[in-house]
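# Inside the fold
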Amino acid sequence: MTLSVFNTMGNRKEPFVPLVPGKVGMYVCGVTVYDLCHIGHARANVAFDIIVRYLRYAGYDVTYVRNFTDIDDKIIRKANQKGIPFAEVTKKYIDAFYEDFDRLGLLRPDVEPRATEHIPGIVALVARLVRGGKAYEVGGDVYYSVKGFPGYGKLSGKNVEDLRAGARVDVDERKNDPLDFALWKASKPGEPAWESPWGPGRPGWHIECSAMSMKHLGETFDIHGGGKDLVFPHHENEIAQSEAATGKPFARYWLHNGFVNINNEKMSKSLGNFFTLRDVLAQVKPEVLRFFLASSHYRSPIDYSDQSLTEAKAGLDRLYRVKEKAEACRAAGASPSPIPPGEEAAPLLSAPARFVEAMDDDFNTAAALGHLFDAIRALNRLAPGEPSAERDRAGMFLAGYELLDPLFSVLGLLRAGAKEYFQERLDFIHVGGITAEMSISDAVKVELNPRITEDEIERRIEARRAARAARQYAEADRIRKDLEAAGVLLEDGKAGTTWKYKE
RNA sequence: GGCGGCAUAGCCAAGUGGUAAGGCAGAGGACUGCAAAUCCUUUAUCCCCCGGUUCGAAUCCGGGUGCCGCCUCCA
């Protein structure tokens, strides 16, 4: 079985064959850094994070490029509102991006180009288009001429005549054609500007991605990804300008993730119905969000709600309980020992193959997770009551866990220690929304109502142990209830009592 | 108006021709002093509706209905 991917170009699933065997060049449209990221950004980034992880797991040498668009109208507007330089705006939100996404456990791309650092390349590309008669200059602006590119619309399935008919009335009269778009924009006084053959100005949207992807991956590369909303016009325009300039095919596979919905409606800035990533991460552990996102296919719409997150947490807790047991086995000195094959162990032993089969089918993480849960049930059957007393079972359990761990790793799950996961406190809490105006460090400082210390928990567990030994069960139950009210859950195992935060 | 997508149990969600994965929630049982966790059993005679193709369809075709997205900044 080989990997197949759904290619927006052509709207069908097709076998994935990279340009150079064993190597993959992948460009993902990053964010325009003028505001905090919301869950929609999280979905896109997690989706492609998993795709990169899987490609690497499958043996490909991946060059992963993800840009920051750090100059555009919205950034300039924000800078003007605040009366600060645009670079200060972009720095703030790039920092925020890393803070948020590092917590989500995103891999850092191999290259993270920024538009402002590629101006010479952008200017050169625009000049190449002008020279080739594919673009024209009007009063310091440069427009791409759609008419000269017969393939226009091939990605989004649009036809040029329909687009013209539907074009807005307030068409810029300086354009030859309403569909033409800006490659270079002349700057007004006071705006950020770079020198160019057409006078001082800045890049239009779209061109930076063409310039940066081609610089880092070549004129033709394997995968170009982004959110569904980028198909038109962003990616359509990228194709037009890139292919018109080089005469070569641009990206070979176009992958687009579906939206995050709220109450079945697209979450977006313009609708105002979005949650920032840090709003969400104030309420749930980052990995819970990751699990939630991985539990649907990346192209399906996914509805965000408190209930879905609660369910995701329950599922992820179950996975971490398995890791907890594996850690206990290791701590008891067990070393992995072979698992006897048989019907009982089959879901476990076949998990890697079935995981690969699911992921090979256009990165079907939902099906892959299903197989992992099958494996988990089989693995739990092997769980020793007390690892140090049942070395054989402990060894098999550990071996089973180690079989699955690399698969979880592909999904970016179970990366923390179990104790760390269960006894982790959320860094900061949601207090009526953490706004963009609030500095990140302020937000982090807002502490949950002071909780019982870990020493105190241990003390009470010891008191309860003594009460139970004396058969004073009423007292023991009272201690357990008190702790539960404080958000601490006790679990009595054969080897003693452990605790975890409930949240 | 043009183009595209979706509709599977209480909820979430796989499944694109061979007779309904998985998760959450629920029920019963084992274990436990009682819980929690874990294990076992159980929960869709059926996949929006109506036709059709087929030995056989949730899966293919035609027609409906409902919802959503893109066509404008947007992951």
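Relevant structure appears above.
Residues numbered from 1 in each chain as written. Chains lettered and ligands numbered in written order. Predicted model: local features only at pLDDT ≥ 70, side-chain atom pairs only at ≥ 80, totals over all residues. Heavy atoms only, no water.

Attention now moves to the overall build of chain A. Across its full length, chain A carries 18 helices and 15 strands. For chain A, the spread of C-alpha atoms along the three principal axes comes to 90 × 55 × 35 Å. For chain A, the proportion of its 503 residues judged to be buried stands at 52%. Taking as baseline every contact in chain A between residues at least 6 positions apart, the subset at least 24 positions apart corresponds to 76%. For chain A, the exposed surface amounts to about 22300 Å²; the carbon and sulfur share of it is 52%. In chain A, 67 side chains carry a positive charge and 72 a negative one; their mean positions are 2 Å apart. (Helix = DSSP H or I, 4+ residues; strand = E, 2+ residues; numbered from the N terminus. Buried < 20%, exposed > 50% of the residue type's maximum accessible area, 1.4 Å probe, protein only. Contact = heavy atoms within 4.5 Å. Areas by Shrake-Rupley, 256 points an atom, 1.4 Å probe, with all protein chains shown as cover. Lys, Arg positive; Asp, Glu negative; His and termini not counted. Charge placed at Lys NZ, Arg CZ, Asp CG, Glu CD.)

What follows concerns helix α17 (residues 454–469). Under the 1.5 Å per step criterion, the end-to-end length of α17 is 23 Å for 16 residues, consistent within 8% with the ideal 22 Å. Within the span of α17, buried status applies to Ile-457, Ile-461, Arg-464 and Ala-467. Angular distribution of buried residues about the axis of α17 spans 120 degrees; they occupy a single face of the element. Across α17 from its buried face, at more than 90 degrees, point the exposed residues Asp-455, Arg-459 and Ala-469. Within two residues after α17, Arg-471 carries a phi angle of roughly 60 degrees, on the positive side. (Expected span 1.5 Å × (residues − 1). Arc of directions from axis to C-beta.)

By the definition in use, this model includes 24 aromatic pairs. By way of ring pairs, the aromatic residues Tyr-54, Tyr-57, Tyr-298, Phe-355 and Phe-363 are connected into one cluster. Over the ring of Phe-259 we find Lys-266; its NZ or CZ atom is 4.7 Å from the centre of that ring. (Phe/Tyr/Trp six-rings, centres within 6.5 Å; stacked < 30°, edge-to-face > 60°. Lys NZ or Arg CZ within 6 Å of the ring centre and 35° of its normal.)

So, about the sheet that holds strand β12 (residues 265–266). Spatial ordering of the open sheet is given by β12-β11-β13, a layout of 3 strands whose pairing is mixed. Single-partner strands in this sheet number two, and they are β12 and β13 (302–304). (Pairing = 2+ DSSP bridges.)

Bringing the environment of Lys-154 into the picture now. Tracing the backbone shows Lys-154 in the loop between β6 (141–144) and α5 (160–165). By relative accessible area, which is 38% here, Lys-154 ends up partly exposed. Taking the C-alpha atoms as reference points, Lys-154 and Val-31, 123 residues apart in sequence, are found 24 Å from one another. Not counting chain neighbours up to four residues away, the residues in contact with Lys-154 comprise Met-9, Phe-149, Glu-236, Ile-239 and Glu-243.

Along the polypeptide, Ser-242 turns up in helix α7 (residues 231–246). Judged by relative accessible area, Ser-242 falls into the buried class, the value being 0%. One polar contact links Ser-242 to Ser-210, side chain to side chain, over a distance of 2.7 Å. Apart from residues no more than four positions distant in its own chain, Ser-242 is found in contact with Ser-210, Met-214, Gly-247 and Phe-250. (Polar contact = N/O pair within 3.5 Å; in protein donor to acceptor, adjacent residues only side chain to side chain.)

For the rest of this paragraph, the subject is the pattern of salt bridges. Summed over all chains, the structure comprises 40 salt bridges. Between Asp-492 and Arg-468 there is a salt bridge, with its nearest N and O atoms 3.4 Å apart. Of this pair, Asp-492 sits in strand β14 (residues 488–493) while Arg-468 sits in helix α17, and the two are 24 residues apart along the sequence. Judged by its relative accessible area of 34%, Arg-468 is partly exposed. (Salt bridge = Lys/Arg side-chain N within 4 Å of Asp/Glu carboxyl O.)

With that out of the way, let us pick up the packing of helix α10 (residues 306–331) against helix α14 (residues 391–410). Running from N to C, α10 and α14 point in directions that differ by 130 degrees, and their axes come no closer than 9 Å. Looking at the two axes, α10 sits oblique to α14. Between α10 and α14 lies a crossing of left-handed hand. Between α10 and α14, the contacting residues are Leu-319, Val-322, Lys-323, Lys-325, Ala-326, Cys-329 and Arg-330 on the first element and Ala-394, Phe-397, Leu-398, Tyr-401, Glu-402 and Phe-408 on the second. Along the lines of polarity and charge, the residues of the contact of α10 with α14 split into 9 nonpolar, no polar and 4 charged. (Axes fitted to C-alpha atoms, helices over the stretch in contact; angles between N-to-C directions. Parallel < 35°, antiparallel > 145°, perpendicular 65-115°, else oblique. Left-handed = near helix turned anticlockwise from the far one by under 90°. Nonpolar A, V, L, I, M, F, W, Y, C, P; charged D, E, K, R; others polar.)

A few words now on the protein's contact with RNA strand B. Surveying the vicinity of RNA strand B reveals 54 residues, the closest of which are Trp-205, Gly-227, Met-267, Arg-381 and Arg-480. Sugar and phosphate atoms form 66% of the subset of RNA strand B atoms that lie within 4 Å of the protein. At a separation of 2.6 Å, a base nitrogen of RNA strand B approaches a polar side-chain atom of Asp-477. Here Arg-480 contributes a side-chain N or O atom positioned 2.4 Å from a base oxygen of RNA strand B. Elements that contribute at least two residues to the surface near RNA strand B include exactly α1 (39–57), α5, β9 (221–227), α10, α13 (365–381), α17, α18 (473–485) and β14. The dominant element in the surface near RNA strand B, judged by the number of residues it contributes, is α13, at 8 residues. (Near = heavy atom within 4 Å.)

By themselves, these figures tell us nothing about what the structure is for.
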